[in-house]
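# Observations on chain architecture
Listed below, chain by chain, are the residues.
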Amino acid sequence: MTTFGYEQSIGYDRRATRLLTGLYRRIATDIDARTSDAATVVDLGTGPGKLLSRVAARRPDLRLHGIDLSPHMIAIAGRTLAGQPVELAVADVAELPYPDASVDFAVSSLSMHEWPDLPAAVTELRRVLRPGGAAGIYDFRFARTRQIRQALATTFGTVDTETVRLPWHPVAVIACYRVSA
Ligand SMILES: C[S@@+](CC[C@H](N)C(=O)[O-])C[C@H]1O[C@@H](n2cnc3c(N)ncnc32)[C@H](O)[C@@H]1O
């Protein structure tokens, strides 16, 4: 199933540039603080690749990967990330193209509420994380919150949750869920 078609992907890319820069900046700072040199980082549902572009500029030592179900989004991400050493792939979060225990840090922004089979995706996330690896999932606070927390807790145990405010919005509409392998 492709969630974002051609027109929708182009529209999202424009809106993301305008509205989400503050969120990407915040997440990039988090990744910076939580990864050691040359860590492998995966962005799940990377969309137009804006977050990865910011992370690549800030931390050129990291091994960066991004996947998305939409080939249109991956095509846009390829253009966003031209010249930056980031591996992109069209893939479903429930079937990640990475070996077991190969990822140090997984991130996802505004994507998890769209994943149809949350338990399958979270099991797959757990499979690819190295022992001691971690994930930071950022998503809308009011979208499938209970199911997301439950899927994460079932597989990882403890889920730390914090709220994140976008600079232009008076209410904190984003939640960050943190888990460790
Ligand atoms: C709202 S966009 C967010 C994109 C990007 N992470 C950002 O913050 O700008 C949601 C993205 O999740 C992707 N997505 C949805 N379901 C997915 C799945 N099962 N596997 C991989 N990607 C998925 C969509 O194709 C879309 O690009």
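Note that the coordinates shown come from a computational prediction; the quantities given were computed from them, not determined experimentally.

## Concerning the overall build of the protein
- Within the protein, the secondary structure is distributed over 6 helices and 7 strands.
- Taking 16 Å as the expected radius of gyration for a compact globule of 181 residues, we find that the protein reaches 15 Å, a close match to that expectation.
- Along the longest, intermediate and shortest principal axes, the C-alpha atoms of the protein span 35 × 35 × 35 Å.
- Buried positions account for 50% of the 181 residues belonging to the protein.
- Nonlocal contacts in the protein, meaning residues at least 24 apart in sequence, comprise 70% of its contacts between residues at least 6 apart.

## Digging into the pairing of strand β2 (residues 63-68)
- Most of β2 is tucked away: 5 of the 6 residues are buried.
- One ladder, built from 5 bridges, connects strand β1 (residues 40-44) with β2; its direction is parallel. Bridging from a neighbouring strand, Asp 43 pairs with Gly 66 of β2.
- Running through helix α3 (residues 50-58), the crossover from β1 to the neighbouring parallel element β2 is right-handed.
- With 5 bridges joining them, β2 and strand β3 (residues 86-90) adopt parallel strand pairing. From the neighbouring strand, His 65 faces β3, where its bridge partner is Glu 87.

## Regarding the sheet that holds β3
- Strand order across the open sheet formed by 7 strands is β3-β2-β1-β4-β5-β7-β6, with mixed pairing between neighbours. Both outer strands of the open sheet, β3 and β6 (160-164), are each paired with one neighbouring strand and no more. Taken over all neighbouring pairs, the strand axes of this sheet differ in orientation by 20 degrees on average, direction set aside.
- Here 3 bridges tie β1 to strand β4 (residues 103-109), and the two strands are oriented parallel to one another.

## Notes on the site of the ligand
- Taken together, 20 residues lie near the ligand, and Tyr 24, Gly 45, Asp 68, Ser 109 and Ser 111 sit nearest.
- Leu 69 places a polar main-chain atom, nitrogen or oxygen, 3.2 Å from a nitrogen atom of the ligand.
- Within the side chain of Asp 92, an N or O atom sits 3.2 Å from a nitrogen atom of the ligand.
- Contact with the protein chains covers 98% of the free accessible surface of the ligand, which is 600 Å².
- Residue classes in the shell around the ligand are distributed as 10 nonpolar, 7 polar and 3 charged.

## Concerning the pairing of β4
- Counting buried positions over the 7 residues of β4 gives 6, a clear majority of the element.
- Note: β4 against strand β5 (residues 129-140), 6 bridges, orientation parallel. Within β5, the residue paired with Val 103 across the bridge is Leu 129.
- Each parallel crossover has a hand, and for β4 linked through helix α5 (residues 118-128) to β5 it is right-handed.

## Some words on the UniProt feature "domain: Methyltransferase type" (unreviewed entry) in the protein
- Those residues carrying the UniProt feature "domain: Methyltransferase type" (unreviewed entry) are residues 42-134 in this numbering.
- Structurally, residues 42-134 is divided into 32% helix and 29% strand, and its ends, taken at the C-alpha atoms, are 11 Å apart.

Parameters and conventions
- Residues numbered from 1 in each chain as written.
- Predicted model: local features only at pLDDT ≥ 70, side-chain atom pairs only at ≥ 80, totals over all residues.
- Heavy atoms only, no water.
- Helix = DSSP H or I, 4+ residues; strand = E, 2+ residues; numbered from the N terminus.
- Rg over C-alpha atoms; globule rule 2.2 N^0.38 Å.
- Buried < 20%, exposed > 50% of the residue type's maximum accessible area, 1.4 Å probe, protein only.
- Contact = heavy atoms within 4.5 Å.
- Pairing = 2+ DSSP bridges.
- Right-handed = clockwise from strand over helix to strand, strands pointing away.
- Axes fitted to C-alpha atoms, helices over the stretch in contact; angles between N-to-C directions.
- Near = heavy atom within 4 Å.
- Polar contact = N/O pair within 3.5 Å; in protein donor to acceptor, adjacent residues only side chain to side chain.
- Areas by Shrake-Rupley, 256 points an atom, 1.4 Å probe, with all protein chains shown as cover.
- Nonpolar A, V, L, I, M, F, W, Y, C, P; charged D, E, K, R; others polar.
- UniProt positions renumbered as here; feature names shortened; annotations may be inferred.

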